[in-house]
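What the coordinates show
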Amino acid sequence: MCALPIRDDIGSQELRRRARRESDGRVSARLIAIANALEGMDRASAARLAGMDRQTLRDWVHRYNAKGIAGLCNRPAPGRKPKLSEGQMAALKAVVLAGPDPAVDKIARWRIVDLCRWVKERWSVSYSETGMLRLLWSLDLSHRKTRPRHPQSREKAQQAFKKGGLLPV
């Protein structure tokens, strides 16, 4: 069986140069394997030196022939579609940034469980606490709790203590 021809518009020296500059190690190994094969090394040896199987090298040669060096990068995984639309996510982010209305929401601050309940009531979409936390992270929001504050604490006394002075009575 004849080996699959490799396009030769980019020479093996250029492929090696780009492999050295590549930040992704897997793409770099693919470039080196193709450069070795272009220089006449048998495909099994070229693949083994790059840490892959001969059939895997053949698959990368197909992608290299079709799309060039850009075809050697990993494609993004599709993943699951989000439960909320873009507009709903924007509305959720605005609600989180605005904070809850104590009169309407009957809470002083948003917790993850409160946001899960709010989304369920508003759009009939249920999220687990972990899922809601990941959704907030994807919206560039972080889950932060404010430090607890005693209702009878005195600000002046705390400032005087920090300065090393006497405590006012």
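Conventions adopted
- Residues numbered from 1 in each chain as written.
- Predicted model: local features only at pLDDT ≥ 70, side-chain atom pairs only at ≥ 80, totals over all residues.
- Heavy atoms only, no water.
- Helix = DSSP H or I, 4+ residues; strand = E, 2+ residues; numbered from the N terminus.
- Rg over C-alpha atoms; globule rule 2.2 N^0.38 Å.
- Buried < 20%, exposed > 50% of the residue type's maximum accessible area, 1.4 Å probe, protein only.
- Contact = heavy atoms within 4.5 Å.
- Areas by Shrake-Rupley, 256 points an atom, 1.4 Å probe, with all protein chains shown as cover.
- Core = buried A, V, L, I, M, F, W, Y, C linked by side-chain atoms within 4.5 Å.
- Axes fitted to C-alpha atoms, helices over the stretch in contact; angles between N-to-C directions.
- Parallel < 35°, antiparallel > 145°, perpendicular 65-115°, else oblique.
- Left-handed = near helix turned anticlockwise from the far one by under 90°.
- Nonpolar A, V, L, I, M, F, W, Y, C, P; charged D, E, K, R; others polar.
- Phe/Tyr/Trp six-rings, centres within 6.5 Å; stacked < 30°, edge-to-face > 60°.
- Lys NZ or Arg CZ within 6 Å of the ring centre and 35° of its normal.

Remarks on the overall build of the protein chain
Within the protein chain, the regular secondary structure consists of 9 helices and 0 strands. Going from the N terminus to the C terminus, the protein chain shows its helices and strands as α-α-α-α-α-α-α-α-α. Computed over its C-alpha atoms, the radius of gyration of the protein chain comes to 29 Å, more than 25% above the 15 Å expected for a compact globule of 169 residues. When its C-alpha atoms are laid out on the principal axes, the protein chain stretches across 90 × 50 × 25 Å. Among the 169 residues that make up the protein chain, the fraction classed as buried is 31%. When contacts within the protein chain are restricted to residue pairs at least 6 apart in sequence, long-range pairs at least 24 apart make up 47% of them. Only carbon and sulfur atoms are counted for the fraction: they give 53% of the accessible area of the protein chain, which is about 12200 Å².

Structural notes on the nonpolar core
With 22 residues, the main nonpolar core has Leu15, Leu31, Ile34, Met52, Leu57, Tyr64 and Leu72 as its most contacted residues. For this core, the secondary structure elements donating two or more residues are α1 (12-21), α2 (25-38), α3 (43-49) and α4 (54-67). Per-element tally for this core: the top contributor is α2, with 7 residues. Contact partners of Leu72, with chain neighbours within four places excluded, come to Val27, Arg30, Leu31, Ile34, Trp60 and Tyr64.

Regarding the packing of helix α5 (residues 86-98) against helix α7 (residues 112-123)
Working note: a packed helix pair is described by the angle between its axes plus the distance between those axes. α7 packs onto α5 with a crossing angle of 135 degrees between their chain directions and a minimal axis gap of 12 Å. One finds that α5 runs oblique with respect to α7. In this structure, the crossing between α5 and α7 has a hand that is right-handed. Residue-level contacts link Gln88, Ala91, Leu92, Val95 and Val96 of α5 to Leu115, Trp118, Val119 and Trp123 of α7. Its residues assigned to classes, the contact of α5 with α7 shows 8 nonpolar, 1 polar and no charged.

Digging into the packing of aromatic side chains
The final tally for this structure, using the stated rule, is 2 aromatic pairs. With centroids separated by 6.4 Å and ring planes inclined at 65 degrees, the aromatic side chains of Trp110 and Trp118 adopt a geometry described as edge-to-face. Like Trp118, Trp110 is buried. With centroids separated by 5.3 Å and ring planes inclined at 90 degrees, the aromatic side chains of Trp118 and Trp123 adopt a geometry described as edge-to-face. Neither Trp118 nor Trp123 differs from the other in exposure class; each is buried. Cation over ring: Arg7 sits above Tyr64, and NZ or CZ is 5.5 Å from the ring centre. Positioned over the ring face of Tyr127 is Lys83, at 4.8 Å from the centre of the ring.

Focus on unusual backbone geometry
In most cases, non-glycine residues show a negative phi, while peptide bonds are predominantly trans. A positive phi angle, close to 60 degrees, is found at Lys106, a residue other than glycine. Tracing the backbone shows Lys106 in the loop between α6 (102-105) and α7. Residues other than glycine seldom take positive phi values, yet Asp140 does so here, at roughly 60 degrees. Note on placement: Asp140 falls in the loop between α8 (129-138) and α9 (155-163).

As for the side chain of Asn36
Considering the arrangement of structural elements, one finds Asn36 in helix α2. Exposure remark for Asn36: the relative accessible area of 8% places this residue in the buried category. When neighbours within four sequence positions are excluded, Asn36 is seen to be in contact with Arg16, Met41, Ala46 and Leu49.

The quantities given are spatial measurements derived from coordinates; they are silent on function.
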